[in-house]
Amino acid sequence: MDTHLLENKIYLLSLDVDKTFLEESDNFSKTLNLLPENDRNKIQKYRNLDDQYRKLCSKLLQFYGISKITGMRLNKIIFKANQLGKPYLDNGRRVEFNMSTGISNVVMALYAAPDFHKIRPIGVDIIDLDEINSLEDIELLHDSFHEKEIILLESLTNIEEARQYACLFWTLKESYSKMLGSGLSTTLADLDYSSVPLPKNNKVYATSMHIKGRDCIVYIKQSTESNCLISVCIWSDNINPEVSELAIKISEVSDYLRTH
Ligand SMILES: CC(C)(COP(=O)(O)OP(=O)(O)OC[C@H]1O[C@@H](n2cnc3c(N)ncnc32)[C@H](O)[C@@H]1OP(=O)(O)O)[C@@H](O)C(=O)NCCC(=O)NCCS
């Protein structure tokens, strides 16, 4: 990814939370020290080491993605967050992004708008397919599903398929609510994704949808390698961006951040 700000494009960046790398010599503290002090402090507050690794990877990817796409140097990047915690780039407003943390991967979706008038909010979510493990897990989410989604789930005789659909609906709802920035305070049962098929073969499936008065494009991908589903939602409004996927290694991110 050498070109800065390829316009009207969505970048879907994923970074493997590589424990082996982070536990090697002092790689954890070296990469942690690449971040501003307030981020370092937040990461170190997590008691569980795995959570520290995930949050570290998420922040590294956030700085890396913005710097790579915009060409901004790290010390020029300023992040702020809306009232409900959705982070945004305070300077360089042509880029919208969102982050999600999975068990072994963190992802970032970025949209580089052609001009300031075409900026569109974006949301991303990653769900590990084991997170919804049984019929009881599906039942717990009952109130978040749309009646048409419930009809579809109840029609499935194969539990494995039902689990995958439940994960699909859940991640699509999260990415929509993260696009809005309202998070889970959105009424999830109002969102109907019963027409979205399960994605296959690691390919990104895209479809336009009219969701609660908004024209959106949803993108969904299943990664068989990391056993997860990733969904992206963008408020489309006459735009039709393509997705470019990039899998990045933590060593590459830390080398880049060290020199920018
Ligand atoms: C946004 C939200 C759905 C994230 O849920 P999640 O599945 O636990 O987390 P994910 O890994 O998918 O996403 C986390 C990332 O989303 C981003 N994010 C945080 N708040 C967000 C919001 N309101 N909208 C969009 N994105 C948000 C951040 O980058 C965050 O990463 P960080 O925790 O490393 O800063 C959830 O936190 C939420 O509903 N927040 C709304 C505010 C709220 O109700 N807060 C009460 C918390 S006590």
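Residues numbered from 1 in each chain as written. Predicted model: local features only at pLDDT ≥ 70, side-chain atom pairs only at ≥ 80, totals over all residues. Heavy atoms only, no water.

You'll find the protein chain entered in an unreviewed UniProt entry as holo-[acyl-carrier-protein] synthase, with Henningerozyma blattae given as the organism.

**Student:** Any chance you could break down the site of the ligand for me, citing the residues and the numbers?
**Tutor:** Around the ligand, the surrounding shell holds 17 residues, and the nearest of these are Ser 100, Thr 101, Lys 178, Gly 181 and Leu 184. Interatomic distance of 3.3 Å between a backbone N/O atom of Met 99 and an oxygen atom of the ligand. Across the complex, the protein chains shield 61% of the 880 Å² of accessible surface that the ligand would expose by itself. Applying the majority rule of atoms within 2 Å of the grid points places the ligand in the largest pocket. Elements with a contribution of two residues or more to the shell around the ligand: helix H4 (49-70), strand S4 (95-101) and helix H7 (159-180). The element best represented in the shell around the ligand is S4, accounting for four residues. For the shell around the ligand, the class distribution of residues is four nonpolar, eight polar and five charged. (Near = heavy atom within 4 Å. Polar contact = N/O pair within 3.5 Å; in protein donor to acceptor, adjacent residues only side chain to side chain. Areas by Shrake-Rupley, 256 points an atom, 1.4 Å probe, with all protein chains shown as cover. 1 Å grid on protein atoms, 1.4 Å probe; cavity = no way out; pocket = protein on both sides within 12 Å on 5 of 7 lines; lining within 4 Å. Sits in = over half its atoms within 2 Å of the grid points. Helix = DSSP H or I, 4+ residues; strand = E, 2+ residues; numbered from the N terminus. Nonpolar A, V, L, I, M, F, W, Y, C, P; charged D, E, K, R; others polar.)

**Student:** Can you lay out a negative patch on the surface for me, pointing to particular residues and giving the numbers?
**Tutor:** Together, Glu 136, Glu 139, Asp 143 and Glu 154 line one region of the surface with negative charge. Position of Asp 143 relative to the elements: it lies in the loop between helix H5 (135-140) and helix H6 (147-155). Residue classification places Asp 143 among the exposed positions, given a relative accessible area of 68%. (Patch = residues over 30% accessible without salt bridge, like charges linked within 9 Å, V, L, I, M, F, W, Y side chains within 5 Å. Salt bridge = Lys/Arg side-chain N within 4 Å of Asp/Glu carboxyl O. Lys, Arg positive; Asp, Glu negative; His and termini not counted. Charge placed at Lys NZ, Arg CZ, Asp CG, Glu CD. Buried < 20%, exposed > 50% of the residue type's maximum accessible area, 1.4 Å probe, protein only.)

**Student:** Can you lay out the packing of H4 against helix H8 (residues 250-258) for me, pointing to particular residues and giving the numbers?
**Tutor:** Closest axis-to-axis distance for the H4/H8 pair is 10 Å, and the angle between their directions is 60°. Classified by the angle between their axes, H4 and H8 sit oblique to one another. Like other packed secondary-structure pairs, H4 and H8 cross with a definite hand, here left-handed. Facing H4, whose interface residues are Cys 57, Leu 60, Phe 63, Tyr 64, Ser 67 and Lys 68, H8 presents Ile 250, Glu 252, Val 253, Tyr 256 and Leu 257. (Axes fitted to C-alpha atoms, helices over the stretch in contact; angles between N-to-C directions. Parallel < 35°, antiparallel > 145°, perpendicular 65-115°, else oblique. Left-handed = near helix turned anticlockwise from the far one by under 90°. Contact = heavy atoms within 4.5 Å.)

**Student:** Run through the layout of surface pockets, naming residues and quoting values.
**Tutor:** Once rolled over the atoms, a probe with the size of a water molecule shows which space is left empty. Within this model, the largest pocket holds a volume of roughly 750 Å³. Of all the secondary structure elements, the ones that give two or more residues to the lining of the largest pocket are helix H3 (37-44), H4, strand S2 (79-81) and S4. Looking at the lining of the largest pocket element by element, the count peaks at five residues for H4. Among the residues forming the lining of the largest pocket, the class breakdown is 11 nonpolar, nine polar and seven charged. No fewer than three residues from each of domain 1 (1-120 + 241-260) and domain 2 (121-238) sit in the lining of the largest pocket. A volume near 460 Å³ is recorded for the second largest pocket. (Points joined across faces, edges and corners; volume = space filled by probe spheres on them. Domains from an automatic or database assignment.)

**Student:** Outline the nonpolar core, listing residues and values.
**Tutor:** One finds Leu 61, Ile 66 and Leu 110 to be the most contacted residues of the largest nonpolar core, which totals 35 residues. When residues of this core are traced back to their parent elements, those giving at least two are strand S1 (9-16), helix H1 (19-23), helix H2 (27-32), H4, S4, strand S5 (105-112) and H8. The leading source of residues in this core is H4, at nine residues. Not counting chain neighbours up to four residues away, the residues in contact with Leu 61 comprise Leu 13, Leu 15, Met 99, Val 106, Val 107, Met 108 and Ile 248. Trp 170, Met 209, Cys 216 and Cys 233 belong to the second largest nonpolar core, which has 31 residues in total. (Core = buried A, V, L, I, M, F, W, Y, C linked by side-chain atoms within 4.5 Å.)

**Student:** Describe unusual backbone geometry, and please don't skip the residues or the numbers.
**Tutor:** Unlike most non-glycine residues, Ser 25 shows phi in positive territory, near 35°. When you line up the elements, Ser 25 lands in the loop between H1 and H2. In this structure, Lys 212 takes a positive phi of about 45° despite not being glycine. The residue Lys 212 is located in the loop between strand S7 (205-211) and strand S8 (214-223) in this model. For Lys 212, a relative accessible area of 43% puts it in the partly exposed group.

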